[in-house]
Amino acid sequence: MGKIISIVNQKGGVGKTTTAVNLASAIGIKGKKVLLIDADPQGNSTSGYGISKKDVSNTSYQLLIGKGTAENAAIKTEFKNVDIVPSSMDLAAAEVDLIELENRESYLKMALSTARDMYDYIFIDCPPSLGLISINALNASDTVLVPIQCEYYALEGLSQLMATVRQVKRLYNPTLEIEGIVLTMYDGRLNLTQQVVAEIKKYFANKLYKSVIPRAVRLSEAPSYGMPIQYYDKRSKGAAAYDDLAKEFLKKNKRG
């Protein structure tokens, strides 16, 4: 049975979608079957895989309001072993639509229930907020992967996120755990980076990935070409970083 992992950070611009797109791709290259759910109304994971949001009819919006399944919405990408459930602008209305519904925190969980048997890993790229879409994702997930930018306010955001995870665990999903914390936009030469790393290790030493994601021009360029970094420039340091992260992820999950 496949494992479901939410990639979450309520702060924007921390490398969340970059991690969703490139980690999914790196794991697919290593022979695992992956489904990426784009649950962010901005739809950057969708365009990061070269899919036009205008050309899709079934999206994560249908999953979230209980009118679709992952099997119906999944699109086979041109990249090895990765399917994607795209996002669309409709998703921006999902928070409002969900308020009206009973069991509103459980629709995504229901929509993914049968897809578990078809994939090794299902990643959910969450929006940069802790609203009903993210709560649906956390309720559907086995674990939470948190990309963190090495900057001053990162730890404040992390404590807020952990409070939400604890709340979802208490109310809806008692088996939810932290998959790990990934440092993004990493520059080991900066004192601030070292301070942030030291603080995170103090509280989450056993959850912090050794693999770090550097600031890299090629990582920033790849989405505009609709490609994960491994296909845009497999010799780049960004591709090497996500390859290392995928190896470490698979080793931790003892499926690699």
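Placed above this text is the structure.
I will try to describe carefully the structure that is included in this document. Note that this is a predicted model, so its numbers are computed, not measured. (Residues numbered from 1 in each chain as written. Predicted model: local features only at pLDDT ≥ 70, side-chain atom pairs only at ≥ 80, totals over all residues. Heavy atoms only, no water.)

Another aspect to go through is the overall build of the protein. Assigned secondary structure in the protein consists of twelve helices and seven strands. Over its C-alpha trace the protein gives a radius of gyration of 17 Å, about what one expects of a compact globule, namely 18 Å for 256 residues. Taken along its principal axes, the extent of the C-alpha atoms in the protein is 50 × 40 × 35 Å. Buried positions account for 56% of the 256 residues belonging to the protein. If you sum the accessible surface of the protein, you get close to 11700 Å²; carbon and sulfur atoms cover 51% of it. Within the protein, one finds 32 positive and 27 negative side-chain charges whose respective centroids are separated by 8 Å. (Helix = DSSP H or I, 4+ residues; strand = E, 2+ residues; numbered from the N terminus. Rg over C-alpha atoms; globule rule 2.2 N^0.38 Å. Buried < 20%, exposed > 50% of the residue type's maximum accessible area, 1.4 Å probe, protein only. Areas by Shrake-Rupley, 256 points an atom, 1.4 Å probe, with all protein chains shown as cover. Lys, Arg positive; Asp, Glu negative; His and termini not counted. Charge placed at Lys NZ, Arg CZ, Asp CG, Glu CD.)

On to the packing of aromatic side chains. All told, the structure shown has six aromatic pairs when counted by the stated rule. Aromatic pair Y121 and F123: ring centres 6.4 Å apart, planes at 25 degrees, arrangement stacked. In terms of burial, Y121 and F123 fall into one category: buried. Pairing Y225 with Y232 gives two aromatic rings, centres 5.0 Å apart and planes at 25 degrees, and the pair type is stacked. For Y225, a relative accessible area of 52% gives the class exposed. We classify Y232 as buried; its relative accessible area is 18%. One aromatic cluster is present, formed by Y49, F79 and Y231 through successive ring pairs. Sitting over the ring of Y209, K252 keeps its end group 4.0 Å from the ring centre. (Phe/Tyr/Trp six-rings, centres within 6.5 Å; stacked < 30°, edge-to-face > 60°. Lys NZ or Arg CZ within 6 Å of the ring centre and 35° of its normal.)

Side chains of a nonpolar character, in soluble globular proteins, are inclined to be buried together. Ranked by size, the top nonpolar core spans 49 residues in total, and within it L63, L112, I124 and I181 carry the most contacts. Setting aside chain neighbours within four positions, we find I124 in contact with I4, I5, S6, I7, I37, A39, L108, L112, A137 and S141. Listed in part, the 34 residues of the second largest apolar core include I7, A20, A24 and I51. (Core = buried A, V, L, I, M, F, W, Y, C linked by side-chain atoms within 4.5 Å. Contact = heavy atoms within 4.5 Å.)

So, about the pattern of salt bridges. A full pass over the atoms with the stated rule returns 13 salt bridges. The salt bridge partner of R218 is D233, with a shortest N-O separation of 2.9 Å. Of the two residues, R218 is situated in helix α10 (residues 217-221) and D233 in the loop between α11 (229-232) and α12 (237-252); the sequence distance between them amounts to 15 residues. Several salt bridges converge on common partners, so that one network encompasses K16, D40 and D125. (Salt bridge = Lys/Arg side-chain N within 4 Å of Asp/Glu carboxyl O.)

Here we come to the side chain of S211. Tracing the backbone shows S211 in the loop between α9 (191-204) and α10. Judged by its relative accessible area of 10%, S211 is buried. Of the polar contacts made by the side chain of S211, one reaches the backbone oxygen of D244; its length is 3.3 Å. Here the side chain of S211 touches E248 through a polar contact of 2.6 Å, side chain to side chain. (Polar contact = N/O pair within 3.5 Å; in protein donor to acceptor, adjacent residues only side chain to side chain.)

Time to look at the pairing of strand β5 (residues 121-125). Counting buried positions along β5 gives five out of five residues, so the element sits mostly inside the fold. In β5, alternate side chains face the same way, and those of Y121, F123 and D125 on one face and I122 and I124 on the other are all buried. Where strand β1 (residues 3-7) and β5 come together, five bridges link them in parallel fashion. Considered in β5, the bridge of I4 is made with I122. The pairing of strand β2 (residues 34-38) with β5 spans five bridges and is classified as parallel. Each residue of the ladder has a partner; that of L36, found in β5, is F123. (Pairing = 2+ DSSP bridges.)

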